[in-house]
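Coordinate analysis (summary)
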Amino acid sequence: MEVFEALRTRASVRDFLPAPIPAEALEKLKEAALCAPTSLNLQQQRFCFITAPDILRTLTEGVIRVSEERGETDYLERLAQRDGKVFFGAPLVIVIAVGIMKPKFFGTSNLVNTLKNISIRYIIALGISGCLITTGNDLSAGRLAGFAACLACIFAQTEGASGKFYPNMPTLPTPVVFVLVIAICAIVGLCNGLVVSYLKVQPFIATLGMQQVVYGICLVYTGGTPIGSLNSNFTALAKDTLLAVPVLIWIALIVAVCFWFLYNKTRHGKYMYAIGGNEVAAEVSGVNTRRAKISIYMTAGIMYAIAGYLLAAKSGGTSASMGSGYELEAIAGCTIGGVSVNGGVGTIPGILIGVLVFEVLKIVLQFLGVESSYTYIAQGLVIIIAVALDLRKYLAKK
């Protein structure tokens, strides 16, 4: 079996290839030595797997350019692009209309509070994005963020407070609380990664199970009672500003910059996109897919810890129900922002836009006086439409 035929059957390669492949394109592929026989040694075959996508992408761009010159544009692709513009343009029109009808919508307090909420959701979305890019998922995100919030509040309770979980424990410094919360949530993320990588359990099932486990532990640990009486240094994190911008927003921006560097400038990011594009090809080319997935889910756990920590500081207290449904909002934000459910695609700025659109939609409905029950219907429709558009783009590429 020729190396090209092996590559041709991979999903990531099909994304780059037009169908049917023109005869002149096949000739160029032969010239590029992609149709070499299986007599190639393992190192040479790995080279083909690594370089083929780039070569095929370049070739396909040329084929598409020729097709456009002939007027043979793809209807499905144009339809997906048109719908995408409508999908993003409609919320902008709605926001302007609501701002005119409700002047308080563009008020400073509402904008600051909205940006704080977006910052927390953005951090959760960044954590779950790596799972989605590798064609996985993480349904434990919301409950783990809530668990992190409960842990942070327990550790940050003031000494002598009524109903203190650990009456004899002194008030812990804020950095110590931060490290403890991150360490515990990173272990949960590690468990997710091990189950997905070594036990080969589907990420959807593995993280759904972990969601219930974490929520159960949180209920047992807290007894289902609200937690308050927090250290003022802890809650100040959500109130303080730096250069007239809330510190919470700065933290989200720093996390975003770190993720952009991680995704675009490191080996980890390259491996992540390679696994999402084609896990088998990535493994054949020498990528340790198990270790990469474990790192992705551990990183996600750390992000949920940071988000839960900030959420607790912003709320000034918490309960076991904190974070419920946040994973769906994060998945919706990622999908709206261009993270493909088919894997291998996603950008940090795109995720920010997706989270912004989804969060602003909720606030607009609140300002319009829409009953909270109907907001769930609207959010569900947005998720369905976003995934449908993503699938249409995927089919257009094929």
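Residues numbered from 1 in each chain as written. Predicted model: local features only at pLDDT ≥ 70, side-chain atom pairs only at ≥ 80, totals over all residues. Heavy atoms only, no water.

1. Let's talk about helix H7 (residues 141–155)
Put simply, the rule is: Starting at the N terminus, helices and strands are each numbered in turn, a helix being any DSSP run of H or I of at least four residues and a strand any DSSP run of E of at least two. The length a helix should cover is 1.5 Å for every residue beyond the first. Throughout this description, buried means an accessible area under 20% of the type-specific maximum (1.4 Å probe, protein chains only), exposed means over 50%, and partly exposed covers the range between.
Its 15 residues place the ends of H7 21 Å apart at the C-alpha level, agreeing with the 21 Å of an ideal helix rising 1.5 Å per residue. Among the 15 residues in H7, 15 count as buried, and that is most of the element.

2. Brief notes about a nonpolar patch on the surface
Applied cut-off: Patch membership requires over 30% relative accessible area and the absence of a salt bridge. Like charges are linked within 9 Å, and nonpolar side chains (Val, Leu, Ile, Met, Phe, Trp, Tyr) within 5 Å. Only the protein chains shown count as cover for residues, with accessible areas throughout obtained via the Shrake-Rupley method and a probe of 1.4 Å. Definition used for salt bridges: Asp or Glu carboxyl oxygen within 4 Å of a side-chain nitrogen of Lys or Arg.
Where nonpolar side chains cluster on the molecular surface, the patch consists of Met101, Leu368, Val370, Tyr374, Ile377, Leu381, Ile384 and Ile385 and spans about 780 Å² of accessible area. If you tally residues by element for the nonpolar patch, the top one is helix H17 (residues 372–397), at five residues. By secondary structure assignment, the location of Val370 is in the loop between helix H16 (348–367) and H17. Assessed through its relative accessible area of 31%, Val370 is described here as partly exposed.

3. A short note on H16
The α-helix winds at 3.6 residues per turn, so residues separated by three or four positions along the chain end up facing the same way. We count it as follows: Pairs of N or O atoms are called polar contacts if they sit within 3.5 Å, as long as, within protein, a hydrogen donor faces a hydrogen acceptor (for residues adjacent in sequence, only side-chain-to-side-chain pairs).
The end-to-end C-alpha distance of H16 is 29 Å, a good match for the 28 Å that 20 residues give at a rise of 1.5 Å each. Sitting at the head of H16, Thr347 places a side-chain oxygen 3.1 Å from the backbone nitrogen of Gly350. At the C-terminal side of H16, Gly369 shows a positive phi close to 75°.

4. Considering the packing of aromatic side chains
Quick note on the threshold: Pairing of aromatic rings covers Phe, Tyr and the six-membered ring of Trp, with a centre-to-centre limit of 6.5 Å; geometry is then stacked below 30 degrees between planes, edge-to-face above 60, and tilted otherwise.
Under the definition given, this model contains four aromatic pairs. Between the aromatic rings of Phe234 and Tyr309, the centroid separation amounts to 5.0 Å while the plane-to-plane angle is 85°, which identifies the pairing as edge-to-face. Of this pair, Phe234 sits in helix H10 (residues 232–235) while Tyr309 sits in helix H14 (residues 289–315), and the two are 75 residues apart along the sequence. Just as Phe234 is buried, Tyr309 falls in that class too.

5. A look at the pattern of salt bridges
Enumeration over the complete set of coordinates arrives at five salt bridges. Here Lys293 ties to Glu279 by a salt bridge, and the two come within 3.0 Å at their closest N and O atoms. Here Glu279 lies in helix H13 (residues 279–284) and Lys293 lies in helix H14, a separation of 14 residues in the sequence. For Lys293, a relative accessible area of 13% translates into the label buried.

6. Focus on unusual backbone geometry
Of note in this structure, Lys200 is not a glycine but carries a positive phi near 60°. Note that Lys200 resides in the loop between helix H8 (174–197) and helix H9 (203–222).

7. Here we look at the packing of H7 against H8
Formally: Interaxial angles span 0 to 180 degrees and are taken between N-to-C directions of axes, which are lines fitted to C-alpha atoms, for helices over the stretch in contact. Angles below 35 degrees are treated as roughly parallel, those above 145 as roughly antiparallel, those between 65 and 115 as roughly perpendicular, and all remaining angles as oblique. Left-handed is the label given to a crossing in which the near helix is rotated counterclockwise from the far helix by less than a right angle, and right-handed is the label when the rotation is clockwise. Note on definitions: a residue-residue contact is assigned when non-hydrogen atoms from the two residues lie within 4.5 Å.
In the contact formed by H7 and H8, the axes pass within 9 Å of each other and the chain directions differ by 150°. Here H7 is positioned roughly antiparallel relative to H8, judged by the angle of their axes. The way H7 lies across H8 gives a crossing that is right-handed. Here Leu144, Phe147, Ala148, Leu151, Ala152 and Phe155 of H7 come into contact with H8, specifically with Val177, Leu180, Val181, Ile184, Cys185 and Val188.

8. A word on the packing of H8 against H14
What counts is decided by this rule: Side-chain classes are defined by residue name, with Ala, Val, Leu, Ile, Met, Phe, Trp, Tyr, Cys and Pro counting as nonpolar, Asp, Glu, Lys and Arg as charged, and the others, Gly among them, as polar.
Running from N to C, H8 and H14 cross one another at 145°; their axes reach a closest spacing of 7 Å. Seen along the crossing, H8 lies across H14 with a hand that is right-handed. Residues of the contact of H8 with H14, tallied by class, amount to 16 nonpolar, six polar and two charged.

9. Here's the deal with the side chain of Lys116
On the secondary structure map, Lys116 appears in helix H6 (residues 108–133). Other than its neighbours up to four places away in sequence, Lys116 contacts Ala238, Pro246, Leu248 and Lys314.

10. Looking at the side chain of Thr318
As for its placement among the helices and strands, Thr318 is situated in the loop between H14 and helix H15 (326–336). Leave out the neighbours within four places in its chain, and Thr318 touches Ala149, Cys150, Cys153, Pro226 and Ile227.

11. Examining the environment of His268
Note that His268 resides in helix H12 (residues 267–277). Measuring from C-alpha to C-alpha, the distance between His268 and Ala292 comes to 7.0 Å, with 24 residues separating the pair along the chain. Apart from the residues lying within four places of it in its own chain, the contact partners of His268 are Leu262, Ala292, Ser295 and Ile296.

12. Topic: the confidence of the model for the protein
Short version of the rule: pLDDT is a per-residue confidence score from the predictor, ranging from 0 to 100.
For the protein, the average pLDDT comes to 78, and 76% of its residues sit at 70 or higher. Low pLDDT, under 50, characterises residues 1–21; the predicted model gives this stretch 52 contacts beyond four residues in sequence or across chains. Here residues 28–86 is modelled with pLDDT under 50, and outside its nearest four sequence neighbours on either side it reaches 67 contacts, counting other chains as well.

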